[in-house]
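# Summary of the model geometry
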Amino acid sequence: MRAHLQTREKGEKVENEWQIDLKLPDIGAMATLMATSICSAILGAAEIAYTMMWITSAYERHGKSFFIDLINANDLTWTAEFIVVAGSLMLLSSMVFLTTMFYSLIELNAVTKPEKTVRMKIVFILFIIGIVLLFLALTSAMILRYM
């Protein structure tokens, strides 16, 4: 914190006798970007783990023939179809979430620099795309399961 005392000459008016120059970053933007980054990292990692759990449980249930079903696109079983459709959407959503986390951290670094502007719209658009893909993945999983 820096304080400047302006001197007065006799009879001269001074409007700002004490001027305080504080260079604080935008705290709201910092909190928003940090929360978005943490949520994106958690969602992205959870989606990857959930998809790997699907694949592992399908392998345990069907054995090596499950991987042959995944490779042979002409005759997909229900489980292979479920893994291909829902798993692909989940992994795509997790990539978008991890990209959102990375970009949020870059923008969080830009908050501290006064000459740079923070592009929050891009962060929010990426996060919304990830949420929409997650919703589509879970909806397709329910449709494939009960169809």
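Refer to the structure printed above.
If you're wondering where the values come from, they're calculated on a predicted model, not measured in any experiment. (Residues numbered from 1 in each chain as written. Predicted model: local features only at pLDDT ≥ 70, side-chain atom pairs only at ≥ 80, totals over all residues. Heavy atoms only, no water.)

### Topic: the overall build of the chain
Summing up its helical and strand segments, the chain has four helices and two strands in all. Going from the N terminus to the C terminus, the chain shows its helices and strands as β-β-α-α-α-α. Per-residue burial over the chain gives 27% buried out of 147 residues. Sequence separation of at least 24 residues holds for 64% of the intrachain contacts in the chain that already meet a minimum separation of 6. (Helix = DSSP H or I, 4+ residues; strand = E, 2+ residues; numbered from the N terminus. Buried < 20%, exposed > 50% of the residue type's maximum accessible area, 1.4 Å probe, protein only. Contact = heavy atoms within 4.5 Å.)

### A few points about the pattern of salt bridges
The tally for this structure, following the rule as stated, stands at one salt bridge. In this structure, the salt-bridge partner of Glu107 is Arg119, at a minimum N-O distance of 3.2 Å. Taken as a pair, Glu107 in helix H3 (residues 78-111) and Arg119 in the loop between H3 and helix H4 (120-146) lie far apart in primary sequence, twelve residues in all. (Salt bridge = Lys/Arg side-chain N within 4 Å of Asp/Glu carboxyl O.)

### Points about the side chain of Ser40
Residue position: Ser40 is located in helix H1 (residues 27-62). The class of Ser40 is buried, set by a relative accessible area of 0%. Only 2.8 Å separates the side chain of Ser40 from the backbone oxygen of Thr36, close enough to count as a polar contact. Contacts of Ser40, omitting those with residues within four sequence positions, involve Phe97, Leu98, Thr100, Met101 and Phe127. (Polar contact = N/O pair within 3.5 Å; in protein donor to acceptor, adjacent residues only side chain to side chain.)

Any functional reading would require information that these geometric values do not contain.
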